[in-house]
Amino acid sequence: MPRHTPFHSRTGTLCSSQSWQEWSGFLSANMYELDHIHEYNAVRISCGLFDISPLYKYAIRGREALGLLDRIATRDVSKCRVGKAMYTTWCDDEGKIIDDGTIARLGEDHYRLTAAIPTLTWLQDNALGFDVSIEDTSEQFAGISIQGPTSRGVLGEISDADLAGLPYFGVLEGKVAGVPAQISRTGYTGDLGYEVFVAPGDAETLWDAVMESGASYALRPAGNVALEMVRIEAGLLLIDADFHSAKQTFFAVQKSTPYELGLGWTVKLDKRYFVGQEALRREHERGPVKTTVGLEVDINALERIYARFGMPLHLPYTAWNDEIPIYADEERREHVGKATSGTWSPILKKYVVIARVQSGHGKLGGRLQIEMSVEGERFTVPATVVRMPFFDPPRKRE
Amino acid sequence: MSQEYDAIVIGGGHNGLTCAAYLAKAGRKTLVLERRHVLGGAAVSEEIFPGFTFTVCSYVVSLLRPEVIHELELAKHGLQVLPLDSAFAPMENGDYFANYADPATTREELRRHSERDAENYFKFSQLMYEMAYAVKPIIGMVPPNPANPGLRGLRDMRDLFKHIHGLGKRTFHDLTKIMTMSAADLMDEYFETDVLKALMALNGIIGTKLGPKSPGTAYVLLHHYMGELDGAFTAWGGQRGGTGGVSEAIASAARSHGAEIRVSAPVAKVLVKNGRAEGVVLENGDEIRAKTVVSAADPRVTFRKLVDEKELPPDLVTAIDNFKFRGSSGKVNLALDALPKFTAMKDPSLITGMMEICPSMDYLERAYDDAAYGGFSKRPYMDIIIPTTVDPTMAPPGKHVMSIFVQYASYDMPEYGDRNQQRDAFGNAVIDTLTEFAPNLKDIILHKQVLTPWDMEQEIGLAEGNIFAGELTLDQLFFARPAPGVADYRTPIRNYYQCGSGTHPGGGITGGPGRLGALEILRDRA
């Protein structure tokens, strides 16, 4: 039986669709109404409120906390100052990605790591000989994420923290709704937004205050269906959709490196030793065989295919996560990779897709063919390689 | 002072801007001249009361052609359309009818009123969908002149007949019926619940001085169903920040291609020499020369004000004089201290959608009767949105703006006194009627902006306050818009073109006239 998060007394009542999915053993709302579109729009126009309690959270404290995290992370954690957070990936010894997440530096020797999969053992195994304490705080914190242009207003009304002074990827401890909270300017939407963690006993107080304050800012509770669309627009990868963890798959073919995932920028080869460094150095020198790209589907071409069936253009109403063949040519002779997720973006008015292709086919502006089926018949539709993130508003950083 | 442009577009409404964007994109040195201090024409957002942005005239977007959105990359330039996917119609007996984005919820609501209507609702949607698909190519084509079609016109007409013929006999028959019947009769064929029929018939009367029982209104209804949002027909939405945001997005696209846009630059005349347009004279006397002049104004301004009638054939002058404007609607915009509470609204989520004051078909017909001989409806029909419920940036936190489209109101209403008294009387009738359905309304009004058809003419330039720059009745559509022989965006004056809503495919925020006009200009002056 999936468990309830500390917000369930609220989310359970609000979720009129009763549409849930399992997330790390917890029930997580897919959408609060029978339709997700209001939630999607809220994130882009006003703001959405997500329950992110199921995230795995770890507290790493002690003299060598930095040393441990730097040994694991591909990024240079020593660059992360107190009051800042950092997105990073971490890999196995072969340089294959295990997971991605954020490291927040809450104090001189105090870090918080968030992860999508259980990571305690990996931390412990790497901590041998380090003077650190590692604590799985996953259930000591309930978390919400407030994402969208009006999120600062919502949070500002109920917090004494200096939100205007909190930069993108900044983190601080303060009070929200009168209860102690960790606030970070982070999220999974590519928009202006904040994540707030409080003690589980304070969860309902926090939720109620956010909902009340949010009423003046058109805030809406939002679920996974809307989140899927916005994270694709933001070009953010999803574990088990766009890639698999090296620790959770049996097959070499399903493992990938940060370079192959377009996350090469998180790999700092010239920092001190970290797990996977040598393998990644070799790959870097050789050049990765695959690369992850953003694709924009030619909807005029798609419309012409529909017209053959006497149908108007049909666009997906929700995001999809699926492995879809990508070809270099219309005749489907040269298979060059796979799409892993895609969505019609109502805000961009574009059909955007995340795909992993052979490196030679990843050039910006390049033309590829994506397989699609209309009325059960398979076609190829042209798609152009474009820059990711697809959606990147200045307010995210401002 | 004399400057030379490839093209001057008169009027910075959304169609003028669209035309300019296409011309500039094709490399033409283009100048837009707008009379007012703001762009947008009737698609304009203005801060009428400090901190509150009003979507002054037009308030919804749906008909904006997908090709315009994509070819001009309007999303990149700020177009953000939020679906308005529910409608709430309070009834006189305290009950209500609502439809929702989710078909299952709508079906349950329909069943509350009539099991039969619940089943027929899909059948009606099917009809509208088929009709919208049937007429879609018409919206995107330059009207051929059936009397003198030329090779291209013949080819276009052949393709069109092939398309419609291919849709099957039933669709063709339905289409001819819808082109001629009344909205009320159409509803009677599908539904039995009165409030539902009234709600569904609304689109047949908007912007038209006809009652729901007048023949021809079924077509006006269909016109409102042609909207497409992300590939979904019949979808309506609101632009973030009001419809001025659509104009701003198009203007931004035009500028990105090099177009120059001037506001507060009213044009007095088009310079015509030997039957050719050579430029314009501004009201301040400045002359600006151009190889092409395009009017995005309505047909009356285009043919009767900007050029001398002696430059035009008399038949055309007569046809333009006979072109029906007959503004029939007004607008009331409110700044509100809190949300209005509709007595009948059991589901508070409906406040984010459309609210329609149309409790019965007779209510609508009576509203028409009131204004048939002048004046305004004592209890008018209203189409209401509160955009701040989804886009809170249009007002301070917790405050709201309410956009109320009101029908019917006449251009001249002398029985109420001078223009100020007319406006006050009209505004009061609107507020009084709406207060019957939302009793706290009067207590929460911070500011009120009232526009009668006459005000719309004075402020925006819409002749007689017609929101479509000419009624959308069959006699004024396609190859007859604005008059036979000049429906292809050209005029009898060489190098003088039209691209406003008074040309095909007509009113609403479509961008269609602007785009098709520009493409014709580019054909002539390749």
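Our structure is the block above this text.
Here is a short report on the structure shown in this document. (Residues numbered from 1 in each chain as written. Chains lettered and ligands numbered in written order. Predicted model: local features only at pLDDT ≥ 70, side-chain atom pairs only at ≥ 80, totals over all residues.)

Regarding the sheet that holds strand β19 (residues 377-386) of chain A
All names here are of chain A.
Point 1. If you trace the six strands once around the closed barrel, you get β14-β17-β16-β15-β18-β19, paired in antiparallel fashion. Ignoring which end each strand starts from, the neighbouring axes of this sheet average 40° apart.
Point 2. Note that strand β14 (residues 290-297) and strand β17 (residues 350-358) share eight bridges and pair antiparallel. Bridging across to β17, V293 finds its partner in A355.
Point 3. Here helix α7 (residues 224-233) sits on the sheet in contact with β16 (335-345) and β17, set at roughly 120° to β16.
Point 4. Across the sheet, helix α9 (residues 299-308) touches β14, β17, β18 (367-374) and β19, and the angle it forms with β19 is around 170°. (Pairing = 2+ DSSP bridges. Helix = DSSP H or I, 4+ residues; strand = E, 2+ residues; numbered from the N terminus. Axes fitted to C-alpha atoms, helices over the stretch in contact; angles between N-to-C directions. Contact = placed C-beta atoms within 7 Å.)

A look at the interface of chain A and chain B
Point 1. Of the residues lining the interface, 20 residues belong to chain A; the matching set on chain B comes to 21 residues.
Point 2. Of the residues forming the side of chain A that touches chain B, the biggest block, three residues, is contributed by helix α2 (residues 37-45) of chain A.
Point 3. Across the side of chain A that touches chain B, the residue classes tally to twelve nonpolar, six polar and two charged. (Nonpolar A, V, L, I, M, F, W, Y, C, P; charged D, E, K, R; others polar.)

Section: the sheet that holds strand β7 (residues 110-115) of chain A
Residues and elements named next belong to chain A.
Point 1. Spatially, five strands are ordered β5-β6-β7-β4-β8 in an open sheet, and the strand pairing comes out antiparallel. Here the strands that pair on one side only, and so sit at the sheet edges, are β5 (85-91) and β8 (133-136). Shown here is a sheet whose adjacent strand axes are inclined to one another by a mean of 25°, direction ignored.
Point 2. Bridge count between β5 and strand β6 (residues 97-107): seven bridges; the pairing is antiparallel. Counterpart to T89 in the pairing with β6 is D100.
Point 3. Contacting β4 (56-61), β5, β6 and β7, helix α3 (residues 65-72) runs over the sheet at an angle of about 135° to β4.

Description of the environment of L82(B)
Residues and elements named next belong to chain B.
Point 1. Within the fold, L82 resides in strand β5 (residues 81-83).
Point 2. Take L82: there are 25 C-beta atoms within 10 Å of it, and that puts it in the buried class.
Point 3. Each C-alpha atom of the pair L82 and V60 lies 9.5 Å from the other, and the pair is 22 residues apart in sequence. (Buried ≥ 20, exposed ≤ 12 C-beta atoms within 10 Å, placed from the backbone.)

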